[in-house]
Structures are given as C-alpha cells and as structure tokens.
Amino acid sequence: MNFELTEERQMLQDTLRRFLSGATGDVWHDLAELGVIGALFGEDAGGFGGTGFDLAVVFEELGRADLVLPLIDAALIPGRLMVAAGADVAPLIAGTERFAFAHSELGARYDLNWVETRAKDNRLTGEKTTVFAAEDADTLLVSARLSGAVDDQQGIGVWQVAKDAPGLTMRSYELAQGGRGAEVSLNDTPGTPLMTQAYDAIADAMAAATLSQCAETLGAMDVAVEMTRDYLGTRRQFGRPIGTFQALSHRLVDLMMELEQVRSAVILGAGHLENPPAERDRILSATKNIMGRVGRLVAEDTIQLHGGIGMTHEYALSRYAKRIAMADHRFGDTDHHLEQFIALSR
Amino acid sequence: MDLSLSADDKAFRAEVRAFLDENLPAELADKVRRSQSLSKQEHDFWHTKLNDRGWLAPNWPKKFGGAEWDAVQRNIFEDECALAYAPRIVPFGLSMLGPVLQKFGSEAQQNYWLPRILSGEDWWCQGYSEPGAGSDLAALKTRAVRDGDHYVVNGQKTWTTLGQHANMIFCLVRTDPTAKKQEGISFLLINMNSPGIEVRPITLIDGGAEVNEVWFTDVRVPVENLVGEENKGWTYAKFLLTHERTNIAGVGFSRAGLAMVKRIAGRAQARGRPLLDNPHFAARVAQVEIDLMAMAVTNLRIVSKAAKGQAPGAESSLLKIKGTQIRQEITDLARRAAGPQAMPFASEGLDGTNTPLPDPYDAGGVAASYFNNRKLSIFGGSNEIQREIYAKHLMKGAS
C-alpha cells in the first residue's frame, strides 16, 4: 500500500494549483499548453496519463478553483470516445478543436442505455437535453439508435456532427453549477459515423467522467469546509468566535469526518477505473453515492454555519456550495448509484 | 380529543377556498408555484384583494381594520392560501410593525400608520440585522443621536428583505451607547426617501435580489417617529419577533411543496415509468409526508393552545426547527425529482438575457428554490439560536 502521489502527479498537481489560483476567463489553450488535457489520456493516444489516479489529481485541483472549466465534457468524455473509435485526438489534446457529447435525453434520466434519437443513412433525428459545453464546441459527438428498443445496450452508435450542420438547432443556457448547457435538436441532420456499437465505450467514458466529477467535487468540498473553518474562527458574536460554540464546532468535525470518507471513496474509485466494467461500475457507484450524500451535507451545512453571508453570490462559498450540490445531478444521482450498486452486488 | 374541525371552522375554510377560487388569477398562482419572484405591483394587487375583503390583517383587532381571527382560523387561512399558491402576505407592515404599534405606539401613530399599512400606501421593511449583529442582534451599532426635534441616524442595516420596494423602514438603533447592550436600543420609523439613505441590493445564491444593504448617513428622523420610550426598543423588538414567529411551521407551504414534488415525479420518467413509481423515490416522498402529517398535528396542538389565550411560548422554537427541516427536505426532493432537468438555471440577477429555459415538468427553477430556501434555517433566529432558546427553557434553574 502506498497513498503518496508519484512525483509526476505531484508536479502536475502543483503546476495546476499555481495556474488555477490566478486564472480567469477562457483558459482552454493555457490548460492544453500546461499538458492538463494530455494528462487525461494514455500514451497510445498521445497523452501521458489517463489512469484513474491521473484523473483524480487533475479534477481535484479543478474542483478547488473558483472557476468552472468544462474539462470533463469538452475533453475527457469526447476524447475517450474518440480513442475507443481509433480516431485522432491530437487536436483535442492540443486544445485547437473542442468537442461535446450529446447523449442525454429527457426519458433517459440517468440511464446510459436509453437512446430515442434515431439514425438512418447517417442522418440523425431526435432531442438531446442538458448537453454541457455544446455552445463552445466545434464538433458534437451525438449518440443515436440504429436498432433495437429504446433501452437496448445494443444498437447505439455515435456520430460526429458539425455544429452548423443542417437541421441542428441549439438553445443554450446557464447551469446552476456554473458553465453552460444546451438543448440540442436534430432533424434529419447529417453526421459522420464514429462507432456503430458504442455502448461499452460510452459506459467507459461515463465511468471516467463519474470518477472525475467525484474528484472535482471533493476538491470543492475541501475548499468549502476550509472556508467554514476559517469563518468559525474569525466571525464573532456574543463576544467570542462562533467556532467556540460547541453546537457549531461539532458540526465542523462531522463535516471533516465525512470529507475524509469522500477522499477515500475517490481513491477507491480511482484505483478501480481500469477494472472490468461490472467491477468498475460497482465501485464507482459506491464512490458517487457517498459523494452525493456527503455533498448535500457539506453544501447545506457550510452555508448554515456561515449564516446569511453564505447565501450571497459575492462570497465564493455560495458558488462552491452550488457546484457541490449540483454534482449530484450529473452521471447518476445518489439514488441511481445506490440502485446500481445493489444490482451489481448481487 | 377531537381531530376534526368544528362546523364553524369548516364553513370558514369553505369561505376561504371560494374566495381564492374567485380572486386569485391563475397566472399569479403559477408564478408562485414556480417560485418566480413577484413584482411590487403583483404584491400590491393581492394585498388589495385581501384588504377589500377585510382579510389582509388576520391577526389585527377589528378596531384597527383586522380580521381578528383566532389561531385556528389563521392557520386554516394560511394553509389554504399556500395550497392555492397565493402570494404570501408581505409580513413587515402587517405581522411585524402593526402589532408593535398597536401595543406600544401612541394613538397618533396608530391612527396615522396602521391605515396606510392596510391601504398599501406604505411598504415597510425591517431594519434589524447588521453586519456585526446577526444572531447577536443586541450587538447592533447603528447610532441615533438626538438633535432638537430630530434623531440623526448613522450606520448600516443588512438582509433587508424587499427593501427595494419600501418607502419606510422600522429600525433598531442605539440611543445610549453607555448602557448594557440591550438597554440602549430604541425603535425608530424612518422614511426611506430621506436624504442620506442608500439601498444596495445583495445578489443571493439563487441569483435573486430579494435582500439589501441599507446605509444611513446623517439621516434626520423626526422625534415623533420614535415608538414607545427611548432606550426601551429591545422590549418592542422581542415582542415583534414573537409575532414574526406566527405561522412558523409553514405547514401549508410544505403541503404545497409536496404536491409540487409529486407533480414533478409524476411527469419525470425513469426507465419508461413515472419516477413516483420508483420504490426508492416513493420511499423518500412517503417519509417526508409522514413527518409532515405528524407536524401538522403538533402545529395544531400548539396553535390551538394559543387560541384559548395561552401564548405559544418556547415551543414555537420547536415548530420553527421541525417546520424548516421539512420544508427544506421538500425543496431537496423537488430538485432530486427533476434530476438532470434541475440544472438549467435562470436568475434575474446574473443572467441578463433571461432566455426561457426548458421546463418539461412545469416545475420552475427547482435548484434555485432549493438554494434560496437554505435561508429558512438561517433567518428569523437561526435553528441553532432556536435550539439555544429551547435549551435555556428546558434547563432553567440548572447551573
């Protein structure tokens, strides 16, 4: 057993932490130059990382930043799909071409196998919902069904679709956790096929995304709890720091304790990303379930322990709390993963 | 023991329902149901409707133009209004200042200010909290210094809800800085249009701007705007807070919220079936519903005691804690039910474009509402302060 980061990962973490502490605006190209996108992919694909522990390091740092970057949606997920299809990801790693994956549908909720969008002769028709990073993408990867019932794992393909392709309309909006999403409507829209049997690749990309989301949320929780500790130590009411009231300090201890549970759950998830799918998904369901439960507690209690100031947009805690709570709405919520954990434990 | 309402109470409930049916426009109820913020005009419209019927001030005595209902009637009224998604009655003039003036104000103050609250001529806001005086309200620093026929006020108030609409603010100010902190406070009525007042909106976590900071720089307030005696303001402030805590359990809001959760979960599909059929989600809903059923009875037990002339005492702290726990649990269920559809987000304060969002479950901004309602366990005496109040009550005499 060794819980230390390797020297390379430690360096990546330091570099990223330094960069993000001063970063504002569109930093996509800077991230690519720093090698952050490359760290998400293996050497075969032209990167220098790509394992569970690489992802955990990168995304925990992103989570610590008071900045929302769509690295999961614009790089990790589409990149893993393209690697699975044997496509060139060099422009993606270089940051010169941006992607997004339009997969989610209203009826799917959190299930990956539910695809109603139809493909016929490489023309796609259907409605995709809450597509992250779509607005800034040059190319969309779109899942659609070639055959089978709406919930069959078989018969799902992925196409590359230009954002200005005929029949494609996009309505974008702000997201509660920050960043932007879009509704994407396809009406007989032409696409270039990437894969015809894509379910396993989609499940792999989403497993990596789930782990990354958990690591990112861990980073955000770490900051939120640390801010709360500082606040309890400095805010004075009734003539003393409010952290000297046991009713508050004990709650801080509970938060710290639960946070350690999440930290361990992320390590557990990272260590199993390369395992066979059923094993991988069972562990990641455990990770995401803990993250969802603790995330709610941390988001709610860090606000509560701050009082009114924690409710203000201007104070960074509120932005962290939103990201933490809303992470439960991505890649399967607490309940979804509890059910999946039960199903995969049988 | 008799859990059923009396015939009179049932008739009253029917009357309230008929009124709501006839007077509450569907578009307005829709906005309330979808947690959208209302304009001053919309609030005023609803207040006028209620005032025309004599129902705007349920807890005021008849001689001041109130309905003078007992606690059970008030409870019925509040529940029915919440279930119909009626706008809530803006409480600052009606349930906070009104009772203070009725008990401690001069006859001249009563005659002048009370009718203006009912008519909507004045919109009041509350000048209590300060940056350094939240849970420790008596630590407030805003100073009022007597200068002839005026007080001159300097300082800052914060968390002033809907202060942007207000033309009047009732304030706790320090008039004797040498006295013990509770004993140097006075209760002043201040015109918001006075020179030296500045209102700055605070954008909240949900992007809304319902609260404000109010700054006072050499604001001159006529001495006749002092309520009661100088340096006795803490007594009035505490009296006001007990009135702020009426309807504190929010049973009607919880019932309405639970109906919304079921509506969303009935529309949201999981594996081709309504989410409400999912045993795991159904269990979550049932759990809250069971808690709410019990709390509704607790609430009635406590308010009906008050109806017989016994004031709800320290138990109102229990109602506040349990009531807000349930309401917050319900806002959590609503966002959970909406699943990925909880993420699209519109905010008046942050998103200048206000593009209409996808809203397949006709739920409004469930995430915004979840975050906004974190305030329930913070304001009006945080739940930790409520526990402290009740603990002191339980441990009286222990040392």
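Residues numbered from 1 in each chain as written. Chains lettered and ligands numbered in written order. Predicted model: local features only at pLDDT ≥ 70, side-chain atom pairs only at ≥ 80, totals over all residues.

Asker: Help me get a handle on the overall build of chain A, residues and values and all.
Answerer: A tally of helices and strands in chain A yields 10 helices and 10 strands. The C-alpha extent of chain A, read off along each of the three principal axes, is 75 × 40 × 40 Å. Of the contacts formed within chain A by residues at least 6 apart in sequence, a portion of 72% connects residues at least 24 apart. (Helix = DSSP H or I, 4+ residues; strand = E, 2+ residues; numbered from the N terminus. Contact = placed C-beta atoms within 7 Å.)

Asker: Report on the interface of chain A and chain B, specifying residues and quantitative values.
Answerer: With 37 residues of chain A at the interface, the matching set in chain B holds 37 residues. Elements that contribute at least two residues to the side of chain A that touches chain B include exactly β3 (123-132), β6 (168-174), β7 (180-190), α7 (246-270), α8 (277-306), α9 (316-326) and α10 (334-345) of chain A. Per-class residue counts for the side of chain A that touches chain B are 12 nonpolar, 14 polar and 11 charged. (Nonpolar A, V, L, I, M, F, W, Y, C, P; charged D, E, K, R; others polar.)

Asker: Run through the pairing of strand β1 (residues 99-102) of chain A, naming residues and quoting values.
Answerer: All names here are of chain A. Burial along β1 is two-sided: the face carrying Phe 99 and Phe 101 and the face carrying Ala 100 and Ala 102 are both buried. Relative to strand β4 (residues 139-145), β1 runs parallel, the two sharing four bridges. Among the inter-strand pairings, Phe 101 is bridged to a residue of β4, identified as Leu 141. (Buried ≥ 20, exposed ≤ 12 C-beta atoms within 10 Å, placed from the backbone. Pairing = 2+ DSSP bridges.)

Asker: Requested: an account of the environment of Lys 320 of chain B, with residues and values cited.
Answerer: You can see Lys 320 of chain B is positioned in helix α10 (residues 315-338). Measuring from C-alpha to C-alpha, the distance between Lys 320 of chain B and Arg 374 of chain B comes to 14 Å, with 54 residues separating the pair along the chain.

Asker: Got a sec to walk through unusual backbone geometry? Specific residues and values, please.
Answerer: Residues apart from glycine generally show negative phi values, whereas peptide bonds are mostly found in trans. Located in the positive-phi region is Leu 162 of chain B, a residue other than glycine, with phi close to 55°. Summarising the element assignment, Leu 162 of chain B is placed in the loop between β3 (150-157) and β4 (168-174).

Asker: Outline the pairing of strand β2 (residues 143-147) of chain B, supporting the account with residue identities and numerical values.
Answerer: Residue and element names in this part refer to chain B. For β2 and β3, the ladder comprises five bridges, and the chain directions are antiparallel. When the sheet's bridge partners are listed, Asp 147 is paired in β3 with His 150. Connecting β2 to the next strand, β3, in antiparallel fashion are two residues, including Gly 148 with a positive phi near 65°.

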